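# Structural description and commentary
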Amino acid sequence: MTDEIRHTSGRVFFVGAGPGDPKLITLRGVECLRRADVVIYDYLVNSQILSHARPGAQLVCLGNHGGWRTWTQSQVNQRMVELAQQGKVVVRLKGGDPAVFARMAEETESLARHGIPFEVVPGITAALAAASYAGIPITHRDFASAVALITGHEEPSKSDPSLDYEVLARFPGTLVFYMGVTSAEAWTGALIQAGKPPDTPAAIVRRCSFPDQVCIRCRLDEVAARLASPAKMAPPAIVVVGSVAGLTEPLSWFEKRPLFGQSVMVARPGEQAGTVADRLSELGAEVIAQPAIRISDPPDWRPVDDAIERLESYDWLVFSSVNGVRYLLDRLLASRADLRRLGGVRLAAIGPGTAEALATFHLRADVVPDEYRAESLAAALAADARDKRFLLARASRGREVLAEQLRGAGAIVDQVVVYSSTDVASADEGIKQRLAAGGIDWVTVTSSAIARSLVAMFGEELRKARLASISPVTSATLRELGCEPDVEAQTYTMAGVVEAILQTTTRNSQKRWI
Ligand code: SAH
């Protein structure tokens, strides 16, 4: 490959990451991240967004709190040019929108000078996000026909100011100040001196769209004091100034979500945490993912393949977990066999989650017991079990009760281990410390195996959080381990656990306004 060709394949995507919530990035932004060889990002960017980058991508963080940068602007520019010239796809990931107070001009100009192609992918800028997340209509047909995005970082007293506060004071709309925390006294004072009424409504929004977002409503002349006390408010915060900031308490929605302010550790393995995490975040909780068990291939595929060969000889195929469904059916489809193997076999699922997993393979469970536990499943199958052949698709560890009860009812039972379940050896250090400090409100305990692993991982400290158990069986295991569950799901599903947390948590509809 010649240098010239390599040169042309390299490019830079300026991508706006949005204000913080990892879902507030555009589809195009995610697409660019997936393609990137190198991601150069600012400290303000939520690191969860980086999970869209492919596993081998190089991730480079530029600095940390306080605006201190490990790299100078010209080093950043030069690095991007070099990488693109080596043929690399570079994503320059910036908080909010890449064109709002983000030095885009300097960075794109340097690329243009070197003939390097680039694209700019917009993001949701903090002003607009803060307005939405604080329930402020940033424009309003009666009160604000324009919006100004202003830096609060410029010293109003500097000799050649680019901001004219007389003009800003007369501006017929909403003023939004970025980077104005430490300088609040200066810019609010300058505005008031220039004629803006001191009682103009203001809203300070800190860490907008994060689970710990704080919104303070006050008057313009109170902004500096509110930022300074009671606890000094650290950036990032943005200040919306104008009548619209005084209108809208009834429109606020973010802090009114029922689990706002609650942190919930989800201990399910990897991708299975996804749906419950989505549900919890939607309800306003901060979700902390700490898998307690790891799901992987079975120790030996041969027994699974043999069972797949003999599938037609069974009357019942019984699944007691979502993983069991996935592993067995994926293996079935990956082998030369097809789903007709299951034609004459009846299917049983321990609960609705497992039945749903079957449904993703277009299979309907013939039996789901009323109570989602092995004993109930056995009872539901027992009446017609005599001399019938059952295959139980199971984990490498788990309870024997299903097989025993079916055998007791006269069934011929084979068990096959279709996946391994092993404990995660140690927890993330940061999560451990946070739990120990009482900084996690809830831990979801969704199986006995997870209960045991959590206790092994965290020991006594586990009791610093409230424990939400999925079922009486899991609660019993917790008790054996010396941990009393605080709530127990009424339906033994993940949704049931979320519901139990929801009911117990003091309804957080009270205002978070300070
Ligand atoms: N390009 C960014 C702005 C960068 S300047 C954008 O379009 O949003 C950094 C300033 O943005 C911070 O000082 C703060 O005023 C604001 N900001 C960024 N993220 C924020 C957030 N999540 N909550 C409140 N303000 C935020």
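Residues numbered from 1 in each chain as written. Predicted model: local features only at pLDDT ≥ 70, side-chain atom pairs only at ≥ 80, totals over all residues. Heavy atoms only, no water.

### Concerning the site of the ligand
Every one of the 18 residues lining the ligand counts as a neighbour, but Pro19, Asp97, Val100, Thr125 and Ala237 are closest to it. Between the ligand and glycine 95 there is a distance of 2.9 Å, counted from a nitrogen atom to a backbone nitrogen or oxygen. Split by residue class, the shell around the ligand holds 13 nonpolar, three polar and two charged. (Near = heavy atom within 4 Å. Polar contact = N/O pair within 3.5 Å; in protein donor to acceptor, adjacent residues only side chain to side chain. Nonpolar A, V, L, I, M, F, W, Y, C, P; charged D, E, K, R; others polar.)

### Notes on the packing of aromatic side chains
Applying the stated criterion to the full structure yields 10 aromatic pairs. Geometrically, the ring pair formed by tyrosine 133 and tryptophan 253 is tilted, given 5.0 Å between the ring centres and 55° between the ring planes. With tyrosine 133 in helix H5 (residues 126-133) and tryptophan 253 in the loop between strand S10 (237-241) and strand S11 (263-266), the pair connects residues that are 120 residues apart, well separated along the chain. Overall, tyrosine 133 belongs to the buried group, its relative accessible area being 11%. Judged by its relative accessible area of 35%, tryptophan 253 falls in the partly exposed class. (Phe/Tyr/Trp six-rings, centres within 6.5 Å; stacked < 30°, edge-to-face > 60°. Helix = DSSP H or I, 4+ residues; strand = E, 2+ residues; numbered from the N terminus. Buried < 20%, exposed > 50% of the residue type's maximum accessible area, 1.4 Å probe, protein only.)

### Looking at the sheet that holds strand S13 (residues 293-296)
Across the sheet, which stays open at both edges, the five strands sit in the order S13-S17-S16-S14-S15 with mixed pairing between neighbours. Lying at the two open borders of the sheet, with one neighbouring strand each, are S13 and strand S15 (346-349). When strand polarity is set aside, the average angle formed by the axes of neighbouring strands in this sheet is 25°. In terms of strand pairing, S13 meets strand S17 (residues 412-423) through four bridges, oriented antiparallel. Paired with isoleucine 295 across the strands is serine 421, a residue of S17. (Pairing = 2+ DSSP bridges. Axes fitted to C-alpha atoms, helices over the stretch in contact; angles between N-to-C directions.)

### A look at helix H7 (residues 184-193)
Buried within H7 are the following residues: Ala184, Trp187, Thr188, Ala190 and Leu191. One face of H7 carries all of its buried residues, which in axial projection span an arc of 160°. Turned more than 90 degrees from where H7 packs its buried face, Glu185 and Gln193 sit exposed. Lining the buried residues of H7 we find helix H6 (165-170), strand S7 (174-178), helix H8 (223-228) and S10. (Arc of directions from axis to C-beta. Contact = heavy atoms within 4.5 Å.)

### Quick word on the side chain of arginine 257
Structurally, the position occupied by arginine 257 is in the loop between S10 and S11. Of the side chains bearing the opposite charge, aspartate 21 lies closest to the buried arginine 257, which forms no salt bridge; the N-O distance is 6.5 Å. Polar contacts involving the side chain of arginine 257 include one to the main-chain carbonyl oxygen of phenylalanine 254, which spans 2.7 Å. (Lys, Arg positive; Asp, Glu negative; His and termini not counted. Salt bridge = Lys/Arg side-chain N within 4 Å of Asp/Glu carboxyl O.)

### Section: the nonpolar core
Judged by nonpolar contacts, the single largest core of 55 residues is most densely connected at Met265, Leu317, Leu358, Val443, Leu454 and Phe458. With seven residues, helix H16 (residues 448-458) is the largest single contributor of residues to this core. Not counting the four nearest positions on each side in its chain, leucine 454 is found in contact with Met265, Ala267, Ala292, Val443, Thr444, Val445, Gly459 and Leu462. Counting residues in each nonpolar core, the second largest holds 27 residues, with Ala148, Leu163, Ala190 and Ile204 among its members. (Core = buried A, V, L, I, M, F, W, Y, C linked by side-chain atoms within 4.5 Å.)

### A word on the packing of helix H10 (residues 302-309) against helix H11 (residues 322-334)
Here H10 crosses H11 at 70°, and the two axes come no closer than 10 Å. Between H10 and H11, the crossing angle belongs to the class labelled roughly perpendicular. As H10 packs across H11, the resulting crossing turns out to be right-handed. Contacts between H10 and H11 pair Val304, Asp305 and Ile308 from the former with Leu328, Arg331 and Leu332 from the latter. (Parallel < 35°, antiparallel > 145°, perpendicular 65-115°, else oblique. Left-handed = near helix turned anticlockwise from the far one by under 90°.)

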